[in-house]
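Below are the chains, spelled out letter by letter.
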Amino acid sequence: MSENNQLRDVFDAIADPTRRRLIRLLAEAEEIPLHELTVQFEMGRTAVSKHLTILKEAGLVLDRKVGRETRFRLNASPLREIQDWVAFYNRFWSTNMLRLNQLLEEEEE
């Protein structure tokens, strides 16, 4: 878990396709009310709210009340942890593929 005092691991939060879709929707807008998010899914408001709660616990979503409406927005900062992890393995595989290529070229000689 990250140092941001998150209640939930970011990797756990993005493991679900519904939550990844919520992140994408929120990334494409500044702020979206719950009712507008709910119509994007074939599930009820309660189910969407549960997914948003998991994203909030991971620090990926911020919310605010405007009257009786709750609006959500993306906080992409915790995604840096995933970006760093993927970047490490990208370098790992690039290095290993380069080594393999060198070995194959040496065998051809």
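Residues numbered from 1 in each chain as written. Predicted model: local features only at pLDDT ≥ 70, side-chain atom pairs only at ≥ 80, totals over all residues. Heavy atoms only, no water.

An unreviewed UniProt entry lists the chain under the name ArsR/SmtB family transcription factor, with Paenibacillus hodogayensis given as the organism.

Visitor: Go over the sheet that holds strand 2 (residues 61–66) with me, naming the residues and quoting the values.
Guide: Ordered in space as 1-3-2, the three strands form an open sheet in which the pairing is antiparallel. Whereas interior strands pair on both sides, the edge strands pair on one side only; in this sheet they are strand 1 (32–33) and strand 2. Together, strand 1, strand 2 and strand 3 (69–74) form the strand contacts of helix 2 (residues 17–27), whose direction differs from that of strand 3 by roughly 90°. Most of the contacts of helix 4 (residues 45–57) go to strand 2, to which it runs at about 120°, and overall it touches strand 2 and strand 3. (Pairing = 2+ DSSP bridges. Helix = DSSP H or I, 4+ residues; strand = E, 2+ residues; numbered from the N terminus. Contact = heavy atoms within 4.5 Å. Axes fitted to C-alpha atoms, helices over the stretch in contact; angles between N-to-C directions.)

Visitor: Before we move on, could you go through a negative patch on the surface and cite the residues and values that matter?
Guide: A contiguous patch of negative charge on the surface is contributed by Glu105, Glu106, Glu107, Glu108 and Glu109. Among the structural elements, glutamate 108 can be located in helix 5 (residues 79–108). (Patch = residues over 30% accessible without salt bridge, like charges linked within 9 Å, V, L, I, M, F, W, Y side chains within 5 Å. Areas by Shrake-Rupley, 256 points an atom, 1.4 Å probe, with all protein chains shown as cover. Salt bridge = Lys/Arg side-chain N within 4 Å of Asp/Glu carboxyl O. Lys, Arg positive; Asp, Glu negative; His and termini not counted. Charge placed at Lys NZ, Arg CZ, Asp CG, Glu CD.)

Visitor: Can you tell me about the environment of arginine 8, naming the residues and giving the values?
Guide: Following the sequence through the fold, arginine 8 ends up in the segment before helix 1 (10–14). Linking arginine 8 and isoleucine 54, residues 46 residues apart in sequence, is a C-alpha distance of 7.2 Å. Within the local environment of arginine 8, its side chain forms a polar contact with the side chain of aspartate 12, the two groups lying 2.9 Å apart. Within the local environment of arginine 8, its side chain forms a polar contact with the side chain of glutamate 57, the two groups lying 3.0 Å apart. (Polar contact = N/O pair within 3.5 Å; in protein donor to acceptor, adjacent residues only side chain to side chain.)

Visitor: Report on the side chain of threonine 38, specifying residues and quantitative values.
Guide: Within the fold, threonine 38 resides in helix 3 (residues 34–38). Setting aside residues no more than four positions away along its own chain, threonine 38 makes contact with Met43, Gly44, Arg45 and Val48.

Visitor: Could you give an account of the nonpolar core, naming the residues involved and the relevant values?
Guide: If you look at the biggest cluster of nonpolar residues, it comprises 20 residues, and the most contacted ones within it are Leu37, Leu52 and Leu60. Only helix 1, helix 2, helix 3 and helix 4 provide two or more residues apiece to this core. The contact partners of leucine 60, leaving out residues within four places of it in the chain, are Val10, Ala13, Ile14, Ile23, Leu55, Arg73, Leu74, Asn75, Pro78 and Leu79. (Core = buried A, V, L, I, M, F, W, Y, C linked by side-chain atoms within 4.5 Å. Buried < 20%, exposed > 50% of the residue type's maximum accessible area, 1.4 Å probe, protein only.)

Visitor: Go over the packing of helix 2 against helix 4 with me, naming the residues and quoting the values.
Guide: Each pair of packed helices can be described by the angle between their axes along with the distance between the axes. Packing of helix 2 against helix 4 brings their axes to within 10 Å, and their N-to-C directions diverge by 80°. Taken as axis vectors, helix 2 and helix 4 run roughly perpendicular relative to one another. Between helix 2, through Thr18, Arg19, Leu22, Ile23 and Leu26, and helix 4, the contact on the second element is made entirely by Val48, His51, Leu52, Ile54 and Leu55. Looking at the contact of helix 2 with helix 4 residue by residue, the classes come out as seven nonpolar, two polar and one charged. (Parallel < 35°, antiparallel > 145°, perpendicular 65-115°, else oblique. Nonpolar A, V, L, I, M, F, W, Y, C, P; charged D, E, K, R; others polar.)

Visitor: An account of a nonpolar patch on the surface is needed here, citing residue identities and associated values.
Guide: Taken together, the side chains of Trp85, Val86, Phe88, Tyr89, Phe92, Trp93, Met97, Leu100 and Leu104 present a nonpolar region at the surface, about 900 Å² in accessible area. Within the secondary structure, valine 86 is located in helix 5.

Visitor: Explain the packing of aromatic side chains to me, using residue names and the numbers behind them.
Guide: Following the criterion strictly, the structure yields five aromatic pairs and no others. With centroids separated by 5.7 Å and ring planes inclined at 75°, the aromatic side chains of phenylalanine 11 and tryptophan 85 adopt a geometry described as edge-to-face. Pair noted here: phenylalanine 11 is in helix 1 and tryptophan 85 is in helix 5, with a separation of 74 residues, a long-range link. Look at phenylalanine 11 and you get partly exposed, because its relative accessible area is 28%. In this structure tryptophan 85 comes out as partly exposed when scored by relative accessible area, which is 47%. Geometrically, the ring pair formed by tyrosine 89 and phenylalanine 92 is edge-to-face, given 6.0 Å between the ring centres and 70° between the ring planes. Of this pair, tyrosine 89 and phenylalanine 92 both sit in helix 5, three residues apart, which is roughly one turn of that helix. Using a relative accessible area of 35% as the deciding quantity, one classes tyrosine 89 as partly exposed. (Phe/Tyr/Trp six-rings, centres within 6.5 Å; stacked < 30°, edge-to-face > 60°.)

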